[in-house]
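Chain residues, written in single-letter form:
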Amino acid sequence: MKKVQKSWAAVLLGALLIATLVGVVWAAPDSRPRAAVKTKKITIPAGWFHPNQDGHNWTNVGEYITSHDTYPATFLAPVVFPSSGQKFTVEKMALYAYDENDDLVGGDVCATLFRTNPVQGNEVFMGYVCSSGSSPTDPRTFTETSFNYNPVTTARGAYLQLYIPDNTNLKVYGVRIWYHAGKP
């Protein structure tokens, strides 16, 4: 009887050892718990925007940008994500602006995000956010969470186009973009 008990003990110990080794091998690498997605943000201040056409009467004091013309002005700014070779998914974009325009009289300030592809010489529209309504609050936050053509890679890049209609009751302080590494 003792010989049978010793045999069972050896078999159980061997099975336990094999199960442990197989479990460790089986668990690596895809069975590890994944790290939580960490949302990051990048801010594009007013001082980064440059006009994309000549002849406009505008002011950019770094803190804010505004137009003084009787026709709209358009400005551009780069969006530089970290250069780690990863893909970045845009989650949200906020426009920080002063808009004391009645929408029937003037217009809205709009920030539009584009993804570029220099190798193919093209760009695609990702999304936009616009100010709306008249309010003396300075600044107000306008947000958007719906974006096309995610993710962005560092090989492609992105930029913002800022549209300011022909009105002096508008100021833009900047745009903030929330993103995370990886696919949507």
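To start, this report covers the structure provided alongside it. What you see is a predicted model; the values in this text were computed from it and never measured.

1. Considerations on the pairing of strand S5 (residues 73-79)
Okay, so step 1: Counting buried positions along S5 yields 5 of 7 residues, so the element is predominantly enclosed.
Okay, so step 2: By the bridge criterion, 2 bridges tie strand S2 (residues 50-51) to S5 in an arrangement that is antiparallel. Considered in S5, the bridge of Pro51 is made with Phe75.

2. Re the packing of aromatic side chains
Okay, so step 1: Tallied over the entire structure, the rule returns 8 aromatic pairs.
Okay, so step 2: When the centroid spacing of 6.4 Å and the interplanar angle of 75° are considered together, the rings of Phe114 and Phe125 count as edge-to-face. Of this pair, Phe114 sits in strand S7 (residues 110-117) while Phe125 is found in strand S8 (residues 122-130), placing the two residues 11 residues apart along the sequence.
Okay, so step 3: Here the aromatic residues Phe114, Phe125, Tyr128 and Tyr159 are joined through ring pairs into a cluster of three or more.
Okay, so step 4: Directly above the aromatic system of Trp178 lies the positively charged group of Lys92, at a separation of 4.3 Å from the ring centroid.
Okay, so step 5: One cation-aromatic arrangement involves Lys171 over Tyr64; the distance from NZ or CZ to the ring centre is 4.6 Å.

3. Brief notes about the sheet that holds S7
Okay, so step 1: The strand order across the open sheet formed by 5 strands is S2-S5-S11-S7-S8, and the pairing between neighbours is antiparallel. Two strands in the sheet have a free side with no partner beyond their single neighbour: S2 and S8.

4. Points about the pattern of salt bridges
Okay, so step 1: Counting across every chain of the model gives 1 salt bridge.
Okay, so step 2: Lys171 serves as the salt-bridge partner of Asp138, at 3.9 Å between the closest nitrogen and oxygen. Placement of Asp138 in the loop between S8 and strand S9 (140-144) and of Lys171 in strand S12 (residues 170-181) is noted, with a sequence separation of 33 residues between them.
Okay, so step 3: For Asp138, a relative accessible area of 39% corresponds to the partly exposed category.

5. Some remarks on the nonpolar core
Okay, so step 1: Counting residues in each nonpolar core, the largest one holds 32 residues, and the members touching the most others are Phe49, Val79, Leu95, Leu113, Leu162 and Ile177.
Okay, so step 2: Where this core is concerned, the elements lending two or more residues are strand S1 (40-45), S5, strand S6 (87-99), S7, S8, strand S11 (158-164) and S12.
Okay, so step 3: The contact partners of Leu113, leaving out residues within four places of it in the chain, are Val79, Val90, Met93, Val124, Phe125, Met126, Gly127, Phe147, Ala158, Tyr159, Leu160 and Ile177.

6. Quick word on unusual backbone geometry
Okay, so step 1: The step from Asn150 to Pro151 runs through a cis peptide bond, and the omega angle for that step is 0°.
Okay, so step 2: In this fold, Pro151 is placed in the loop between S9 and strand S10 (152-153).
Okay, so step 3: Here the phi dihedral of Tyr149 falls at roughly 55°; this positive angle occurs in a residue that is not glycine.
Okay, so step 4: Structurally, the position occupied by Tyr149 is in the loop between S9 and S10.

Reading the values: the criteria
- Counting starts from 1 at the beginning of each chain's written sequence and moves along it residue by residue.
- For this predicted model, a pLDDT threshold of at least 70 governs which residues receive local features, and a threshold of 80 or more governs which side-chain atom pairs are given and counted, while totals over whole chains, interfaces and linings are taken from all residues.
- As a rule here, side-chain values come from all non-hydrogen atoms in the structure, and water together with hydrogens is ignored.
- Buried residues are those whose accessible area, probed at 1.4 Å on protein chains only, stays under 20% of the maximum for their type, while exposed residues exceed 50% and partly exposed ones sit between those limits.
- Under the scheme used here, helices are H or I runs from DSSP no shorter than 4 residues and strands are E runs no shorter than 2 residues, and both carry numbers assigned from the N terminus.
- Two strands are counted as paired when DSSP detects at least two bridges linking them.
- Pairing of aromatic rings covers Phe, Tyr and Trp, the last counted by its six-membered ring, and requires centre-to-centre distances within 6.5 Å; plane angles under 30 degrees mean stacked, over 60 mean edge-to-face, and any other angle means tilted.
- Geometrically, a charge over a ring is one whose NZ (Lys) or CZ (Arg) sits within 6 Å of the ring centre while staying within 35 degrees of the ring normal.
- By definition, a salt bridge exists where a carboxyl oxygen of Asp or Glu is found within 4 Å of a side-chain nitrogen of Lys or Arg.
- Put simply, a nonpolar core is a bunch of buried Ala, Val, Leu, Ile, Met, Phe, Trp, Tyr and Cys residues held in one set by side-chain atoms that sit within 4.5 Å of each other.
- Working rule for contacts: check all heavy atoms of both residues, and any pair within 4.5 Å makes them a contact.

Function-wise, these values are silent; they only describe arrangement.
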